[in-house]
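The primary structure of each chain is shown beneath.
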Amino acid sequence: MNKTYYFLIALTFALGFGALFLPEKSHTKEITPEQLFYKMNNPSRFVTTDQVARLIIESDPALLLVDARSPDQYRLFSLPGAMNIPMKELVDSNGIICSKWVDYLDIEGLNVIFFSNSDVIADQVWVICTRHELDNLYVMRGGLNTWAETILKPQKPFESSPIEEFALYDFRRGACQYFGGGSISIKSDVVADPVPRIRRKKKTVVAGGC
Amino acid sequence: MIHAKNPRRLTLSLIVFVLIIIVGLITMNKPEFSYKNNSAQVLKSILNKEGELIPEKAIFYAEENNPSFVFVDIRNPYEYIKGHIPNAINIPLTELLSKETMKTFDKYVRDKTTIVIYANTQTEANGSWMLLKQLGYSDIKVLIGGFEYYSKELKENEKVPETPEYFVETPKYDFAKIAKEASSN
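Draft legend 1. How the structure looks around the overall build of chain A. On a plain count of helices and strands, chain A comes out with 8 helices and 5 strands. Reading chain A from its N terminus to its C terminus gives the helix and strand order α-α-β-α-β-α-β-α-β-α-β-α-α. For chain A, buried positions account for 39% of its 210 residues. Residue pairs at least 24 apart in sequence account for 63% of intrachain contacts in chain A once pairs closer than 6 positions are excluded. Carbon and sulfur atoms make up 58% of the accessible area of chain A, which amounts to about 13900 Å² in all.

Draft legend 2. Looking closely at the overall build of chain B. The helix and strand inventory of chain B stands at 8 helices and 5 strands. Listed N to C, the secondary structure of chain B is α-α-β-α-β-α-β-α-β-α-β-α-α in terms of helices and strands. By residue count, 42% of the 185 residues in chain B fall in the buried class. Contacts in chain B between residues far apart in sequence, at least 24 positions, make up 65% of those at least 6 positions apart.

Draft legend 3. Summary view of a nonpolar patch on the surface. All names here are of chain A. Together, Phe17, Leu20 and Phe21 line one region of the surface with nonpolar side chains, adding up to about 400 Å² of accessible area. Of note, Leu20 is situated in helix α1 (residues 3-20). With a relative accessible area of 63%, Leu20 lands in the exposed category.

Draft legend 4. Geometry of the packing of aromatic side chains. Summed over the entire model, instances satisfying the criterion amount to 10 aromatic pairs over all chains. Seen in terms of ring centroids, Phe77 of chain A and Phe175 of chain B are 5.6 Å apart; in terms of plane orientation they differ by 35°. Their pairing is tilted. Of this pair, Phe77 of chain A sits in the loop between α4 (71-76) and β3 (83-84) while Phe175 of chain B sits in helix α8 (residues 175-184), placing the two residues on different chains. Of the two residues examined, Phe77 of chain A and Phe175 of chain B, each falls in the buried class. A centroid spacing of 6.0 Å and a plane angle of 55° characterise the contact between Phe60 of chain B and Tyr61 of chain B, whose relative ring orientation is tilted. A relative accessible area of 17% means that Tyr61 of chain B is categorised as buried. Site record: aromatic cluster; members linked through ring pairs are Trp147, Tyr178 and Phe179 of chain A. Sitting over the ring of Phe171 of chain A, Arg54 of chain A keeps its end group 4.1 Å from the ring centre. A cation sits over an aromatic face here: Arg75 of chain B above Phe147 of chain B, 4.5 Å from the ring centre.

Draft legend 5. Spotlight on helix α3 (residues 55-63) of chain B. The complete set of buried residues in α3 of chain B reads Pro55, Ala58, Ile59, Tyr61 and Ala62 of chain B. Asn65 of chain B lies just past α3 of chain B and shows a positive phi near 50°.

Draft legend 6. Representation of the environment of Gly51 of chain B in the model. The residue Gly51 of chain B is located in the loop between α2 (39-47) and β1 (52-53) in this model. For Gly51 of chain B, the residues in contact, after removing those within four places along its chain, are Ser45, Trp129, Ile140, Lys141 and Val142 of chain B.

Draft legend 7. Molecular detail of a negative patch on the surface. Judged by side-chain charge, Asp103, Asp106, Glu108 and Glu133 of chain A come together as a negatively charged surface patch. The residue Asp106 of chain A is located in the loop between α5 (99-105) and β4 (111-115) in this model.

Draft legend 8. The packing of helix α3 (residues 49-57) of chain A against helix α8 (residues 163-180) of chain A, seen in detail. Residue and element names in this part refer to chain A. α8 packs onto α3 with a crossing angle of 50° between their chain directions and a minimal axis gap of 11 Å. Taken together, α3 and α8 sit at an angle that is classed as oblique. Considering the relative orientation of α3 and α8, their crossing is left-handed. Where α3 abuts α8, its residues Asp50, Ala53, Arg54, Ile56 and Ile57 lie against Leu168, Phe171, Arg172, Ala175, Tyr178 and Phe179. Each residue belonging to the contact of α3 with α8 can be placed in one class, and the counts come to 8 nonpolar, no polar and 3 charged.

Draft legend 9. Just the pattern of salt bridges, in detail. All names here are of chain A. Applying the stated criterion across every chain yields a total of 9 salt bridges over all chains. A salt bridge links Asp135 to Lys39, with the nearest nitrogen and oxygen atoms 2.9 Å apart. Here Asp135 is found in the loop between α6 (120-131) and β5 (137-140), whereas its partner Lys39 is found in helix α2 (residues 33-40), with 96 residues between them in sequence. With a relative accessible area of 45%, Asp135 lands in the partly exposed category. Overall, Lys39 belongs to the partly exposed group, its relative accessible area being 28%. One salt bridge connects Arg75 with Asp72, and the closest N-O pair in it is separated by 3.5 Å. Taken as a pair, Arg75 and Asp72 lie in helix α4 at a separation of 3 residues, close to a single helical turn.

Draft legend 10. Region of interest: the side chain of Glu169 of chain B. Relative to the assigned elements, Glu169 of chain B resides in the loop between α7 (146-156) and α8. Within the local environment of Glu169 of chain B, its side chain forms a polar contact with the backbone nitrogen of Val120 of chain A, the two atoms lying 3.0 Å apart. A polar side-chain atom of Glu169 of chain B sits 2.9 Å from the main-chain amide nitrogen of Ile121 of chain A. Every residue in contact with Glu169 of chain B, bar those within four places of it in the chain, is listed here: Ser116, Asn117, Ser118, Asp119, Val120 and Ile121 of chain A.

Draft legend 11. Examining the sheet that holds β4 of chain A more closely. All names here are of chain A. Strands sit in the order β1-β5-β4-β2-β3 across an open sheet of 5 strands; the sheet is parallel. The open sheet terminates on both sides in strands that have one partner only, identified here as β1 (46-47) and β3. Judged from the 3 bridges that link them, β4 and β5 form a sheet pairing that is parallel. Bridging across to β5, Val112 finds its partner in Leu137.

Rules used in this analysis
Residues numbered from 1 in each chain as written. Chains lettered and ligands numbered in written order. Predicted model: local features only at pLDDT ≥ 70, side-chain atom pairs only at ≥ 80, totals over all residues. Heavy atoms only, no water. Helix = DSSP H or I, 4+ residues; strand = E, 2+ residues; numbered from the N terminus. Buried < 20%, exposed > 50% of the residue type's maximum accessible area, 1.4 Å probe, protein only. Contact = heavy atoms within 4.5 Å. Areas by Shrake-Rupley, 256 points an atom, 1.4 Å probe, with all protein chains shown as cover. Patch = residues over 30% accessible without salt bridge, like charges linked within 9 Å, V, L, I, M, F, W, Y side chains within 5 Å. Salt bridge = Lys/Arg side-chain N within 4 Å of Asp/Glu carboxyl O. Phe/Tyr/Trp six-rings, centres within 6.5 Å; stacked < 30°, edge-to-face > 60°. Lys NZ or Arg CZ within 6 Å of the ring centre and 35° of its normal. Lys, Arg positive; Asp, Glu negative; His and termini not counted. Charge placed at Lys NZ, Arg CZ, Asp CG, Glu CD. Axes fitted to C-alpha atoms, helices over the stretch in contact; angles between N-to-C directions. Parallel < 35°, antiparallel > 145°, perpendicular 65-115°, else oblique. Left-handed = near helix turned anticlockwise from the far one by under 90°. Nonpolar A, V, L, I, M, F, W, Y, C, P; charged D, E, K, R; others polar. Polar contact = N/O pair within 3.5 Å; in protein donor to acceptor, adjacent residues only side chain to side chain. Pairing = 2+ DSSP bridges.

Nothing here speaks to function; it is all geometry.
So this is what it looks like as structure tokens:
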């Protein structure tokens, strides 16, 4: 055999051997810092309380609300249908998002909205989750404090406000009733008349006959 | 055999081949930015609040022009011109990962100067602060309350309530109670 063949064989072996010592790549799914930076700068990651209210009322099937506060606060009050992912328990000791949360968050087509009392904790959770390749994540701007101010206690706009403000106010009042349990006061003196029942007379069987 | 006729050309092409592989290996996988801290470390520094700077301290440091602190305004230049913390430098958010910014930051790291990131609110600066934290900058803080609170505090100079307004994550209301009231109205 030609010498060059030996050389080629040796070279392939050497390269293969070298591949053994390549630094091991971490298997965690992560986006690059540049991608994270790009996503971070996209203002569409914030949604307003009105948008969230509308999605809940429409019972959007692709919506997942995530309460990032502590379990104690979650038990006292949360948005309807929200699940609790306390920020403290978001990642394990290796810095990977716990698989029990990923099962909920990593569903294709699902829009996840994070919220907390304000939007700082929700935003921190957003940054961590986005780094780990989760998509369609949003932050509710202003959090529950703004939720209380806009949806639960809507302020009447000034007389001189544009018509859109009034439309928004009407929506918020409706939403307030929806979330408050919807007890629209009904005047008690208006009672519907009892529906008269008319019984059919029994048909008398024709007597006689052949 | 064909190559036996011209062995020199074969060796030459082999050398070129090996060179290409070596050059490829050297230049491969060298991203400009990489994470130095994993999410567990970042979460830990969020929870122990070491990266937060309260406005009272910020005002104090800014007024005495403390050389161990530098305020970085990440809002756009127009907002910066309208008003900013004294001696703050302006690095618009879009320029955060540019080469010049990195050079500036590296200089501060060498001088052991604490970098304080701020924008109008804490949320606005939060992403940049967390990104830099993950890139390995340890001596970096975020101004809580943001410039909104900072500028307001300067004007009014009132007594601070028990839980200062800038701790935005404290619930302002008893939500369950309000929800009940909403249903009874």
